[in-house]
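# Survey of secondary and tertiary structure
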Amino acid sequence: QPHLVESGGGLVQPGGSLRLSCAASGFTSGFYAIGWFRQAPGKEREGVSCISSSDGSTYYADSVKGRFTISRDSAKNTVYLQMNSLKPEDTAHYCGAAAGRVSDSVRTMCVRGEYDYWGQGTQVTVSS
């Protein structure tokens with residue numbers, strides 16, 4: 001059964017860095033895209049960054065452009081989110097997600113959250 005496990009969250013000071021990992025398993029038929037989403041208390045879930053499993057095309061939310069970088073290790077079926085210059089507003093619960101089929105562009109899928117499988121997530125807290 002498809003399963004996603006995230007790691008790498010924690011407490012950091014503003015300006016610090018973290019690297020999140022999301023390991024995928026049980027996708028016997030493969031998957032088309034993996035993304036990172038976050039949700040803070042009182043806020044709606046936001047697509048942070050997503051990447052295509054085929055051509056590597058990416059999407060970044062405007063709020064994280066220039067600070068976050070998504071990457072993948074195909075051999076390990078793992079996707080990473082390198083987060084630099086972290087701000088208090090980045091504080092949220094971050095979840096990885098995978099799509100079993102492509103319903104639209106990576107950008108649209110990420111913005112709409114059109115993913116099929118979701119991990120439990122990892123907490124990121126940015127505070128002094």
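Just above, that's the structure.
About the cut-offs
Residues numbered from 1 in each chain as written. Predicted model: local features only at pLDDT ≥ 70, side-chain atom pairs only at ≥ 80, totals over all residues. Heavy atoms only, no water. Pairing = 2+ DSSP bridges. Helix = DSSP H or I, 4+ residues; strand = E, 2+ residues; numbered from the N terminus. Axes fitted to C-alpha atoms, helices over the stretch in contact; angles between N-to-C directions. Core = buried A, V, L, I, M, F, W, Y, C linked by side-chain atoms within 4.5 Å. Buried < 20%, exposed > 50% of the residue type's maximum accessible area, 1.4 Å probe, protein only. Contact = heavy atoms within 4.5 Å.

## Quick notes on the sheet that holds strand β7 (residues 68-73)
Sheet strands pair via backbone hydrogen bonds, and the direction of the pair is either parallel or antiparallel. The strand order β1-β3-β8-β7 describes an open sheet built from four strands, whose pairing is antiparallel. The open sheet has two edge strands, β1 (3-7) and β7, and neither has a second partner. Shown here is a sheet whose adjacent strand axes are inclined to one another by a mean of 15 degrees, direction ignored. Strand direction decides the pairing type here: β1 and strand β3 (residues 18-25), joined by five bridges, are antiparallel. By the bridge assignment, Leu4 is partnered in β3 with Ala24.

## Quick look at the nonpolar core
In summary, soluble globular proteins display a tendency toward joint burial of nonpolar side chains. If you look at the biggest cluster of nonpolar residues, it comprises 37 residues, and the most contacted ones within it are Trp36, Phe68, Leu81, Met83, Tyr94 and Tyr115. At five residues, the largest contribution of residues to this core is made by strand β9 (residues 92-99). Discounting chain neighbours no more than four positions away, the residues touching Met83 are Gly16, Ser17, Leu18, Leu20, Arg67, Phe68, Tyr94 and Val124.

## Focus on the environment of Gly15
With respect to the helices and strands, the residue Gly15 is situated in the loop between β2 (10-12) and β3. According to the relative accessible area criterion, Gly15 is exposed, its value standing at 52%. On a C-alpha basis, the gap between Gly15 and Thr28 in space is 39 Å, while along the polypeptide they are 13 residues apart. With sequence-adjacent residues up to four places away left out, Gly15 is seen in contact with Ser85 and Leu86.

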